[in-house]
Amino acid sequence: MDAMRLTLLVRAVSAIASCVLLSSCLDYEEESWIHNDLSGEAIIKLTLPDALQRKFPTVEDEFTKEKLEKRFDTISGVKLAESSIDTSKLRHVVTLHVKFVSLQKLDDALAA
C-alpha cells in the first residue's frame, strides 16, 4: 500500500509542477476576419509572463509601441492599424490589430 501511495504522491507532485512550469508559457490568441479576396484583419493578443521578462530583460524592450510600429513598417502587405501594451499586471499583454492584403502576407509577417 505504501508503494501505491508513493506513486500517487509522485503523480500529484508532477502534475502540480507541470502546471507551475507551463504557466510561464507565452500565451497567443488570434481572431481573424477573412474577406472574399483573402485580405482581412486580425487581432493578435500576446501575454508575456513575468518569468520570461525576468529571465530575458530584452524581451520587454522588443515589445514597445515604437519597435512594433517600426517592425510593421518594414513588412509589405501587412499594416499595423492599432496596438496597445497593458503593463498594469505582472503578465504584460500586447494587443495588435493588423490589416493584411493576403493570408500569405500575414503568415510571412507572423513568421518574421
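The written sequence of each chain sets the order in which its residues are numbered from 1. Side-chain atom pairs in this predicted model are given and counted only at pLDDT of 80 or more, local residue features only at pLDDT of at least 70, and totals for whole chains, interfaces and linings cover all residues. With hydrogens and water stripped out, all remaining heavy atoms of the structure feed into the side-chain values.

Here we come to a nonpolar patch on the surface. A residue counts toward a patch only above 30% relative accessible area and without a salt bridge, and it is joined to like-charged neighbours within 9 Å or, for Val, Leu, Ile, Met, Phe, Trp and Tyr, to nonpolar neighbours within 5 Å. Computed with the Shrake-Rupley method and a 1.4 Å probe, the accessible areas treat only the protein chains shown as cover for residues. Every case where a carboxyl oxygen of Asp or Glu lies within 4 Å of a side-chain nitrogen of Lys or Arg is listed as a salt bridge. Taken together, the side chains of Ile 34, Leu 38 and Leu 103 present a nonpolar region at the surface, about 250 Å² in accessible area. The exposure class of Leu 38 is partly exposed, given its relative accessible area of 44%. In this scheme, a residue with accessible area under 20% of its type's maximum is buried, one over 50% is exposed, and one in between is partly exposed, where area comes from a 1.4 Å probe on protein chains only.

By nonpolar core is meant a set of buried Ala, Val, Leu, Ile, Met, Phe, Trp, Tyr and Cys residues that side-chain atoms within 4.5 Å join together. By size, the foremost hydrophobic cluster in this structure holds 15 residues, and its most contacted members are Ile 44, Phe 72, Val 78, Leu 80, Val 94, Leu 96 and Val 98. What counts as a helix is a DSSP run of H or I of at least four residues, what counts as a strand is a run of E of at least two, and both are numbered from the N terminus. Secondary structure elements with two or more residues in this core: strand S2 (40-48), helix H4 (65-73), strand S3 (78-86), strand S4 (92-100) and helix H5 (103-111).

Spatially, the four strands line up as an open sheet ordered S1-S2-S4-S3, and their pairing is antiparallel. The sheet is open, and its two edges are formed by strand S1 (27-34) and S3, each paired on a single side. With direction set aside, neighbouring strand axes in the sheet form an average angle of 15°. Summarising the sheet, S3 and S4 pair through eight bridges and their orientation is antiparallel. Within S4, the position partnered with Ile 85 by the bridge is Val 94. Every residue pair with non-hydrogen atoms within 4.5 Å of one another is taken to be in contact. A fitted line through C-alpha atoms represents every axis, and for helices the fit uses only the stretch in contact; the resulting angles, taken between N-to-C directions, go from 0 to 180 degrees. Its contacts with the sheet put H4 on S3 and S4, and the angle it makes with S3 is roughly 165°. Against the sheet, H5 makes contact with S1, S2, S3 and S4, and its axis sits at roughly 165° relative to S1, the strand it touches most. When DSSP finds two or more bridges between a pair of strands, those strands are recorded as paired.

The next point concerns the confidence of the model for the protein. Every residue is assigned a pLDDT by the predictor, reflecting its confidence on a scale from 0 to 100. When pLDDT is averaged across the protein, the result is 75; 68% of the residues are at 70 or more. Counting contacts from residues 5-10, a segment whose pLDDT is below 50, to residues more than four positions away or on other chains yields zero contacts. Across residues 12-22, where pLDDT falls below 50, the model places zero contacts with residues more than four positions away in sequence or in other chains.

This next bit is on the pairing of S1. Sheet analysis places S1 next to S2, joined by eight bridges and oriented antiparallel. Paired with Asp 27 across the bridge in S2 is Thr 47. Taking the residues between adjacent antiparallel strands as the criterion, S1 and S2 are bridged by five residues, where Leu 38 takes a positive phi near 70°.

Topologically, Leu 38 is positioned in the loop between S1 and S2. Residues Leu 38 and Leu 103, spaced 65 residues apart in sequence, show a C-alpha to C-alpha distance of 6.1 Å. In contact with Leu 38, not counting residues within four places along its chain, are Phe 100, Val 101, Ser 102 and Leu 103.

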